[in-house]
Amino acid sequence: MNGRPDSLVAPEERRVVLEVEDVSHYFGSLRAVHDFDLTLHHGELVGLIGPNGAGKTTVFNLLTGVYQPSEGSIRFSGVELVGLPSYEIIQMGIARTFQNIRLFANLTVLDNVRIAYHPYAGYTVVDSLLHTRRFREKETELTERAQELLSIFNLASRQDEIAGGLPYGLQRRLEIARALAAQPRLLVLDEPAAGMNPQEVDQLMELIHFIRERFDLTVLLVEHRMRLVMSICEWITVMDFGEVIARGVPAEVRSNQQVVEAYLGRQN
Amino acid sequence: MERSLRGDSGGALLRRGNGIALRRRNGIILNRISQGVFALLGLFVLFVLARAAWERPSLFVSQVLNGLQLGFIYALIALGYTMIYGIVKLINFAHGEVFMIGSFTSFYTIATLRLHEWPMWIFSGIGQQLSVIVGTVTVIMVSMVMCAGLAVVMERFAYRPLRNKPRIAALITAVGVSFFLQYYGALPFAYTSNYITYPRAFDVEVYRAGTVAMPVVVAMWILFAVSVIAYVVLRIRGRQGSLRAKTLIRHPLLSFGLQFGGFLAVILTLVSVEISTGGQVWDLTASNVTLIIMSASIVLQVVLQWVVGSTRLGKAMRASAYDKAAARLMGINVDTVVAATFAIGGGLAGAAGVLYATAYRQVHHLMGIIPGLKAFVAAVVGGIGSIPGAFVGSLIMGQTEVLTAGFISTPMRDAIAFSLLIIVLLVWPQGIFGEPPAEKV
Amino acid sequence: MVSRLRKSAAGFIVTALVVFVVVQILLTTGTLNNFWRGIIFWGAAITMVTLGLNLIYGFNGQFSLGQYGFYAIGAYGAADVTWRWTNGRDPSGLVVVIFGCLLALGLYILLARFLRGFNRVTVMTQFTFYLGATIVAFWIAVQFLVPVLGPVTVTLLEAFPAALTRQVVFFAALVGGAALAGIASFLFGIPVLELGSDYFGIATLGFTIIVKVLLDNTDTVLPFPEMKGARGMIGIPQWTTWPWVFFSLLMVVIVMRNLLHSSIGRTIVSVREDERAAELVGINVVNAKIFAFVIGSVFAGLAGGIRAHDLAFLHPQSFNFVQSFNPLIIVVLGGLGSITGTVVTGFGWILLLEGVLRLALPQGFETWRFVIYPLVLLLMMLLRPEGLFGGYEIPYLRQKLPAPFKPRVADADTAAQPTSHVPVPAVSHGGADSSHEVAA
């Protein structure tokens, strides 16, 4: 396996966005992830599934520099990510959301998004100390962009509300908006449907499709809801006990005996 | 706003990526250089100390003994800090004041109540020595109970109401309680703001060559040897997979034997054997104060280890420290556990107060601040939340302080003691025995 | 929107100027005697120190007890410069502080560039290198710049009229003291800001103690005999005047306000809210922390210079770490994250406790003070933990709320078509929030 299902012919016209090769990670002597491979091409929507404790979130944390892999390499657009601090990885174009929402709960909705625009603010410390003309121009521009993004997410009218006070579904949406404000090319979503009712999950599916087109993204998605994963992902990687046990398009995965045993079988 | 929201996400970003990452060289070389610099500084300090040890070995060894004594006192305070921090994540700034109250309690029990002589009043025929021992233990117990009570009251009325508020509220409150206790003591009807000479509960005896009974020394060595052998045997059996050995190796008696036997055997031997180098007799001495401090500290620490490691309360404590909500769901009364933790910590600080006052013969209403802070630093150095860490950190702290004062720079003693914190945290960010915080992302 | 902002700014500046003029008149006419003059200046100094702490702790969430250490560094640094100048026109203090700091700053920038080219540089390495750069910078300043630039500086300054020279030297001393505090906080911040907030608190407390010990030994361990160690430094010129005090404070307030209302300010606050989340939206958390810490310490250093040249006497005991709880108490009473609260409480604290109560209450109250304060603090924590002012700000200091979003007409075809919005019927949260988009 080279990080893609064998059955899928690599789309030649599409750039490789992310290449994860032989990544392993240990917590002490516990092997959380072992020889993990993943190759994402531009514009793909890929799911990462597996039972609880399979190491999915650890993979996300390795991708975003929260943990440093014990072995292996992660390349994003050809640039090695291993050894880089999280914020640089994010600035290079990987953005993520969290399993349990981590907004800046006491700040306004607008500020949540504006914070993520910081690397692109375009003014210096001196500008912000003196509130120069440049500062005012750039700040206005930044605010407008943030507002534009919020309006895309139907959050514009709530821009002055405190983020922690939003209803749950909107907090999820705001978190995605904030991730997009960091201007990613790869968006990694950690269980975006957690805690949502079926109706909200439907909306979320549409949302993910929509932002992928709108922002020209590659999306990697960890999810428990089979319905969500099976219906929107182009292909799926299945993990169990830190190892990849299957890859393929949803139909293949669904019929894979190992997967059924490890995961789906328990649901039957 | 170099990149626009839509469209051209590719090109500009890649340039940015190249700028950030591609031209990176491996920083390990630089890290080696800085480690080298630190190592050189460390070697220099060692060199200064070694030279001092070479020139005046007897002075050096006696300073090390002083450092041990101080370290053992710090250990008692640090244990309280580390336990309380472990369980409620609060730097209990007022812990140093509990220590101070311990000193003052013992001062009053000795000077006013004369409780250290009580066996003599009741059983007039009792031997002088036995009376002193029982009396001293009584004084320590009274202080411990008093301080435990104080800590519990503090927890109940100052910290508990704030437990669900932001952590800073409790921290500020701790600062407030600390100030209150300090300056309440300065009021004319309390302790006044003068230094008060402390009457010891027992007379100082100085042991030197010839005054130590040989059988005692031998007994200590035997205790130590037996403990070491037991430890090694259990270790090997444990490696081979014996569960019983793995449990027994954590037995409090074993660690008591190791520590008590080890420290006392070495010290008593040093004192009782006449060593002379270069025609100079070392003439090392150790007072009973030092020995009592060490013994009391070791005993209390072993008891604490037993409580935390092997009792229901200890299990409840560890569970609460790990996850309060889950502990509550398991039927643990977390409030009681926290109160018990404060009581234990307060009791240990009270004992430390008595020992400190006995050793340095002075009590003062601000005496708790600096030892309290140093003990906290010691707990952090050892790795906060870890009981052996607090112990080891305190011994390091005691040595640093005394050796700095003795051989490097006397006025800088406090400065270097606190620099230790920064230096250690640079090398071991979690302290020596600390575990990295498990963060859920 | 613009007019609203301008109005609040104008109101603020007019009020400030009125306060300035009134106090100046009262001081000139002698209505406020020297005692009250001292109290007001002291209040201003404490307020600046506390504003620094509010930036570090209230806005950036790093629990610091180190403010008095930086206050002391600023005070002693500035005092040494003017002391040397007034005692025999010795420019060495001036040259070392100003050019040494500039040199250090330059080296820091070069070093930062250099270190950015490496992967996996540890905190220890950064600390060692920056410390090395600082030592090199000040060594060069002492060894080479003083002999070369010293005479030039004297000639230049002597060319001015004496009154102006004095103000220039004082200005340089204040800047130098603040810069020294900034450099110290930068070096200290590198290793300790990586730690969690509690460790940081205890480390900064340790820093205050270290500074105090160093000040006790300025004449024995450190090579500054004029500071006279634990006996206290005397002979500092009393140059602080109301305009210096007022405009320093005003500058601190405006700098802080401008900073907080910018993108950098938002990153500072985001670190307080959730460090990990901030890092994972692309914020360099360590930089944000160091930045806030340095700026806050610079404020404290500036306040130290002001205070030193008002008291004309410095004693290490007044920078004891027990004192360093004062700013903490003020900031908590005033409200974490409120500039207004800090200013009002800072002045109120000194005016009330050092001024009014000292005059009003009998002698014996001295000993009761520290018994009463903690009790007030405890009650405060129980009853109103968010502080007297909570998050209140006067209009000028308040974060300007941006206008509701109106898509630009030019972009309308690409950006703001209702059809391109997320197709969310917003069932779960009612239709309230879609009304706006419909209007667009």
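Cut-off values and rules
- Residues numbered from 1 in each chain as written.
- Chains lettered and ligands numbered in written order.
- Predicted model: local features only at pLDDT ≥ 70, side-chain atom pairs only at ≥ 80, totals over all residues.
- Heavy atoms only, no water.
- Core = buried A, V, L, I, M, F, W, Y, C linked by side-chain atoms within 4.5 Å.
- Buried < 20%, exposed > 50% of the residue type's maximum accessible area, 1.4 Å probe, protein only.
- Helix = DSSP H or I, 4+ residues; strand = E, 2+ residues; numbered from the N terminus.
- Domains from an automatic or database assignment.
- Pairing = 2+ DSSP bridges.
- Contact = heavy atoms within 4.5 Å.
- Axes fitted to C-alpha atoms, helices over the stretch in contact; angles between N-to-C directions.
- Phe/Tyr/Trp six-rings, centres within 6.5 Å; stacked < 30°, edge-to-face > 60°.
- pLDDT = per-residue confidence, 0-100.
- Buried area = accessible area lost by both parts, 1.4 Å probe.
- Salt bridge = Lys/Arg side-chain N within 4 Å of Asp/Glu carboxyl O.
- Polar contact = N/O pair within 3.5 Å; in protein donor to acceptor, adjacent residues only side chain to side chain.
- Patch = residues over 30% accessible without salt bridge, like charges linked within 9 Å, V, L, I, M, F, W, Y side chains within 5 Å.
- Areas by Shrake-Rupley, 256 points an atom, 1.4 Å probe, with all protein chains shown as cover.
- Lys, Arg positive; Asp, Glu negative; His and termini not counted.
- Charge placed at Lys NZ, Arg CZ, Asp CG, Glu CD.

Turning next to the nonpolar core. Among the nonpolar cores identified, the biggest contains 363 residues, and Leu 18, Phe 153 and Leu 220 of chain A together with Phe 93 of chain B are the most heavily contacted of them. If one sorts the elements of this core by residue count, helix α3 (residues 57-88) of chain B sits on top with 17 residues. When we break this core down by domain, the ones giving at least three residues each are domain 1 (1-93 + 186-268) and domain 2 (106-183) of chain A. Leu 49, Ala 52, Phe 60 and Phe 407 of chain B belong to the second largest nonpolar core, which has five residues in total.

Before going further, it helps to examine the sheet that holds strand β2 (residues 30-41) of chain A. Paired through backbone hydrogen bonds, the strands of a sheet run either parallel or antiparallel to each other. Residues and elements named next belong to chain A. Ordered by their spatial adjacency, four strands build an open sheet running β2-β1-β4-β5, and the pairing between neighbours is antiparallel. Among the strands making up the open sheet, the edge pair consists of β2 and β5 (79-80). Bridging between strand β4 (residues 71-76) and β5 involves two bridges; their strand directions are antiparallel. Looking at the pairing, Phe 76 lines up with Val 79 of β5. Each of β1 (16-27), β2 and β4 touches helix α1 (residues 56-63); the most contacted strand, β1, lies at about 115 degrees to it.

Here the focus is the packing of aromatic side chains. Residues and elements named next belong to chain C. Counted according to the given criterion, the structure contains 41 aromatic pairs over all chains. Measuring from centroid to centroid gives 6.4 Å for Phe 20 and Trp 242, while their planes differ by 15 degrees, and the two rings are stacked. Of the two residues, Phe 20 sits in helix α1 (residues 2-29) while Trp 242 sits in helix α8 (residues 242-260), which places them 222 residues apart along the sequence. Residue class for Phe 20 comes out buried when judged on its relative accessible area of 15%.

Low-confidence regions, as indicated by low pLDDT, have predicted coordinates that should not be scrutinised in detail. Residues with a pLDDT of 70 or more make up 93% of chain B, whose mean pLDDT is 85. Below a pLDDT of 50 lies the segment residues 1-21 of chain B, which in the model reaches 50 contacts outside its immediate sequence neighbourhood of four places, other chains included.

As a further point, take the sheet that holds strand β6 (residues 94-96) of chain A. All names here are of chain A. Spatial ordering of the open sheet is given by β6-β7-β8-β3-β9-β10, a layout of six strands whose pairing is mixed. One side of each edge strand has no neighbouring strand; the edge strands of this open sheet are β6 and β10 (243-248). Neighbouring strand axes in the sheet, compared pairwise and without regard to direction, differ in orientation by 20 degrees on average. With four bridges joining them, strand β3 (residues 45-49) and strand β9 (residues 235-240) adopt parallel strand pairing. Directly across from Gly 47, in β9, lies its bridge partner Ile 236.

Taken together, the 56 residues of chain B in the interface contact 55 residues of chain C. Summed over both partners, the interface of chain B with chain C comes to about 5,100 Å²; 78% of that surface belongs to carbon and sulfur atoms. Per-residue buried area on chain B facing chain C is highest for Leu 30, Ile 172 and Phe 179 of chain B; these three make up 12% of the total on that side. Between the two partners, chain B and chain C, sit zero salt bridges. Joining chain B to chain C, the criterion identifies five residue pairs in polar contact (both at pLDDT 80 or more).

With that settled, consider the domain arrangement of chain A. Residues and elements named next belong to chain A. For chain A, the domain assignment lists domain 1 (1-93 + 186-268) and domain 2 (106-183). On a C-alpha basis, the centroid separation for the pair domain 1 and domain 2 is 28 Å. Listed by partner, the interface residues are 19 residues for domain 1 and 14 residues for domain 2. Of the roughly 1,200 Å² buried at the junction of domain 1 and domain 2 (both faces included), carbon and sulfur atoms supply 74%. Together, Gln 91, Leu 207 and Phe 215 form the three largest contributors to the area buried by domain 1 at its contact with domain 2, with a combined 31%.

With that settled, consider the interface of chain C and chain A. Counting from both sides, the interface comprises 48 residues of chain C and, opposite them, 60 residues of chain A. Across the chain C/chain A interface, buried area totals approximately 4,900 Å², and carbon plus sulfur atoms make up 58% of it. Its largest share of buried area at the contact with chain A, chain C owes to Arg 266, Leu 280 and Phe 405 of chain C, together 15% of the area lost on that side. Taken together, chain C and chain A are joined by two salt bridges. A salt bridge links Asp 274 of chain C to Arg 102 of chain A; its shortest N-O distance comes to 2.8 Å. Applying the counting rule to chain C against chain A returns nine residue pairs in polar contact (both at pLDDT 80 or more).

All names here are of chain B. There is a patch of like positive charges on the surface, built from Arg 250, Arg 312, Lys 315 and Arg 318. Structurally, Arg 312 can be placed in helix α12 (residues 312-322). For Arg 312, a relative accessible area of 78% gives the class exposed.

A cluster of nonpolar residues, Tyr 184 and Phe 189 of chain B together with Trp 368, Ile 372 and Val 376 of chain C, forms a patch on the protein surface that exposes about 460 Å² of accessible area. A total of three residues in the nonpolar patch trace back to one element, the largest contributor, which is helix α14 (residues 365-383) of chain C. You can see Val 376 of chain C is positioned in helix α14. Judged by relative accessible area, Val 376 of chain C falls into the partly exposed class, the value being 45%.

Residue and element names in this part refer to chain A. Counting buried positions along β2 gives nine out of 12 residues, so the element sits mostly inside the fold. By the bridge criterion, eight bridges tie β1 to β2 in an arrangement that is antiparallel. The partner of Tyr 26 across the bridge, within β2, is Arg 31. Where β1 hands over to β2, the hairpin turn is made up of two residues, of which Gly 28 adopts a positive phi near 60 degrees.

All names here are of chain C. Inspection of the secondary structure puts Phe 99 in helix α4 (residues 92-116). Along the chain, Phe 99 and Ala 137 lie 38 residues apart, while their C-alpha atoms are 8.8 Å from each other. Beyond its immediate stretch of four places on either side in the chain, Phe 99 contacts Leu 94, Leu 145 and Leu 149.

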